[in-house]
Structures are given as structure tokens and as C-alpha cells.
Amino acid sequence: MPKVRRSRKQPPEGWELIEPTLEELEQKMREAETEPHEGKRITESLWPIFKIHHQKSRYIYDLFYRRKAISRELYDYCLKEKIADSNLIAKWKKSGYENLCCLRCIQTRDTNFGTNCICRVPKSKLEEGRVVECLELAKHEIGNLTVSTSTTAKTFNNCTTEEE
């Protein structure tokens, strides 16, 4: 099995504890990258890649900030080697962004009207009977904001909204 990419620098102490999980996620990433995408929309073919990227970053974040299972040196090594996304982790540390799935959801330049992705709207502000899914990352994979099920679909700010 191929190793997780890293520099020639010797990894810090504790690397052997997280390496098997990172290798497994790296293998899943390779499978997702080589998976055939015929018949899928561009965003649908990218969903598994973004999902695995999110999982790797969340794994490192949880080990360091929540469980305190890895050292600062190992955490910095993972960020320096780009095993985890440092910008995404920086957002997770801020209030209100704890469940952010990707940075594209808060980039206003990527939307038609200069707003955030609809998946960033609090559940209490959404209309009843409406399903909201982020098209960028398939929120149903990472953290769906489903209010209820329905049949008719509309597109709004890179997201799909469905009404009954």
C-alpha cells in the first residue's frame, strides 16, 4: 500500500498512531479520484473527494483540539505537510463555523448574488417543507440540512432546494 505523502523530514513522535488511519483515507482518496465519472455532473464526481478531504482534516482537528491525543509538534507537521487543511481548521475554531464543510460555502465570489451558500443559513430560518443541500459538497454526505422530503427541485446559489 502506498504511503501518505510526506517530505524527507522524519515525522514527530506519535506519527505511528495516526498513520494507519491517514493511509486508509489516502487510499480512499485515490479510489475516489480514479472512479469513473461518466453520466455524473461535475459536482457529483467531486463529492467523494471533498468528503474525504473533510474527513482527514476533521480527524486531525479532533485529535488535537477535542481529544488532545496528539502533540502540537505532530499537529503542526500534519498542517505543514498538507495532510490537513489549515484554512478549514482555522474556520472550525471560530464560533459559528464549527460544522463548516468547505471554504467554498463561505466564499461570496462564487455565488450569483454575492451571498454565502444556502447551507450556511440556520435551520430555524429555513421554511418548513424544504430540503436544502449544498451542491458543492453534497451536504447529505457531510451534514445535511434536511427539513423534510419532497419532489420538485430548484437551484439557488449553487445549492439545490426542493419544495413539496
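Source: prediction; values computed, not measured. (Residues numbered from 1 in each chain as written. Predicted model: local features only at pLDDT ≥ 70, side-chain atom pairs only at ≥ 80, totals over all residues. Heavy atoms only, no water.)

Enquirer: Can you tell me about helix α2 (residues 42-66), naming the residues and giving the values?
Expert: Relative to the 36 Å expected for 25 residues at 1.5 Å per residue, α2 spans 35 Å between its end C-alpha atoms, a close match to the ideal helical length. Approximately 30 degrees is the largest bend angle found in α2, and it occurs at Pro48. Of the positions making up α2, those classed as buried are Trp47, Ile52, His54, Lys56, Ser57, Arg58, Tyr59, Ile60, Tyr61, Leu63 and Phe64. Lys68 sits one or two residues past α2 and shows a positive phi near 55 degrees. (Helix = DSSP H or I, 4+ residues; strand = E, 2+ residues; numbered from the N terminus. Expected span 1.5 Å × (residues − 1). Bend = angle between axes of the 7 residues up to and from the residue. Buried < 20%, exposed > 50% of the residue type's maximum accessible area, 1.4 Å probe, protein only.)

Enquirer: Account for unusual backbone geometry, with residues named and values stated.
Expert: Even without being a glycine, Lys68 presents a positive backbone phi close to 55 degrees. A residue is classified by how much of its surface remains accessible, and Lys68, at 62% relative accessible area, is exposed. In this structure, Lys82 takes a positive phi of about 60 degrees despite not being glycine. Checked against the element boundaries, Lys82 lands in the loop between α3 (72-80) and α4 (86-92).

Enquirer: Give me the pattern of salt bridges: which residues, what numbers.
Expert: Going through the model one piece at a time under the given rule, you end up with 6 salt bridges. Across the pair Glu26 and Lys56 runs a salt bridge, and its minimum N-O distance is 2.9 Å. Here Glu26 is found in helix α1 (residues 15-34), whereas its partner Lys56 is found in helix α2, with 30 residues between them in sequence. Like Glu26, the residue Lys56 is buried in the burial classification. Of the charged contacts in the structure, one is a salt bridge between Glu35 and Lys40, with a shortest N-O distance of 2.8 Å. (Salt bridge = Lys/Arg side-chain N within 4 Å of Asp/Glu carboxyl O.)

Enquirer: An account of α1 is needed here, citing residue identities and associated values.
Expert: Here α1 spans 27 Å end to end across 20 residues, near enough to the 28 Å set by a 1.5 Å rise per residue. Trp15, Ile18, Glu19, Leu22, Glu23, Leu25, Glu26, Met29 and Ala32 are the residues of α1 that are buried.

Enquirer: Go over the packing of aromatic side chains with me, naming the residues and quoting the values.
Expert: In the structure shown here, the tally under the stated rule is 6 aromatic pairs. Clustering of aromatic rings is evident, with ring pairs tying together Tyr61, Phe64, Tyr65, Tyr75 and Trp92. Of note, Arg58 hangs over the ring of Trp92, and the distance from its end group to the ring centre comes to 4.0 Å. Positioned above the aromatic ring of Tyr97, the side-chain terminus of Lys91 is 5.3 Å from the ring centre. (Phe/Tyr/Trp six-rings, centres within 6.5 Å; stacked < 30°, edge-to-face > 60°. Lys NZ or Arg CZ within 6 Å of the ring centre and 35° of its normal.)

Enquirer: How would you sum up the nonpolar core? Please name residues and give values.
Expert: For soluble globular proteins, nonpolar side chains are generally found buried alongside one another. By size, the foremost hydrophobic cluster in this structure holds 27 residues, and its most contacted members are Trp15, Ile18, Ile60, Ile70 and Cys105. Secondary structure elements with two or more residues in this core: α1, α2, α3 and α4. Non-local contacts of Ile60, meaning those with residues more than four positions away in its chain, are made with Ile18, Leu22, Ile70, Tyr75, Cys78 and Ala84. (Core = buried A, V, L, I, M, F, W, Y, C linked by side-chain atoms within 4.5 Å. Contact = heavy atoms within 4.5 Å.)

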